[in-house]
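# Observations on the model geometry
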Amino acid sequence: MANLDVEEFIQQNRAVADEVETYRGYWESDKHWQPRREFILRNINDFEEPHMDQLLALSMVWANNVFMGCRYSTELLEKVREMAEGIVVEDAPVFKTRDEIMKKQQGR
């Protein structure tokens, strides 16, 4: 579902879109919320009640990995990356691991 598809989905499913808006955390900037909202909307049909909490948790795992560099198990990251395939995040930060930083320091 491309960004245009998400907007079309929102127009056609106003009640669902309004419900998804209630999941936004007060701390989330538009830059963080818009991609996470897209993640939720792309996958919402696969997580009906009572499993909505699982979708919201997966959306936070994905957002935390993208925006804050949090690391999780390989299996979990593969799952959320697959769920987020096609979501474009503009100006996403780039993170380096401690090992990458140490290797660069040792190369000097």
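Scroll up to find the structure this text is about.
Below you will find a few notes about this structure. (Residues numbered from 1 in each chain as written. Predicted model: local features only at pLDDT ≥ 70, side-chain atom pairs only at ≥ 80, totals over all residues. Heavy atoms only, no water.)

### Re the nonpolar core
Ranked by size, the top nonpolar core spans 26 residues in total, and within it Val-20, Phe-39, Ile-40, Ile-44, Leu-55, Trp-62 and Val-80 carry the most contacts. The set of elements that each furnish at least two residues to this core consists of α1 (3-12), α2 (14-21), α3 (30-43), α4 (52-68) and α5 (74-83). It is α4 that provides the largest number of residues to this core, a total of 9 residues. Setting aside anything within four residues of it in sequence, one finds Trp-62 in contact with Pro-35, Arg-36, Phe-39, Val-80, Ala-84, Ile-87 and Val-89. (Core = buried A, V, L, I, M, F, W, Y, C linked by side-chain atoms within 4.5 Å. Buried < 20%, exposed > 50% of the residue type's maximum accessible area, 1.4 Å probe, protein only. Helix = DSSP H or I, 4+ residues; strand = E, 2+ residues; numbered from the N terminus. Contact = heavy atoms within 4.5 Å.)

### A short note on unusual backbone geometry
Residues other than glycine predominantly adopt negative phi, and peptide bonds predominantly adopt the trans conformation. A cis amide bond, omega 5°, links Glu-49 with the succeeding residue Pro-50. Topologically, Pro-50 is positioned in the loop between α3 and α4.

### Looking at the environment of Cys-70
Along the chain, Cys-70 falls in the loop between α4 and α5. When the C-alpha positions of Cys-70 and Pro-50 are compared, they lie 27 Å apart, and in sequence the two are 20 residues distant. With near-sequence residues (within four places) excluded, Cys-70 lies in contact with Asn-64 and Asn-65.

### Notes on the environment of Val-16
As for its placement among the helices and strands, Val-16 is situated in helix α2. For Val-16, a relative accessible area of 27% puts it in the partly exposed group. With 53 residues separating them in the primary sequence, Val-16 and Gly-69 have C-alpha atoms 30 Å apart. The residues contacting Val-16, other than those within four sequence positions of it, are Phe-9, Leu-41 and Ile-44.

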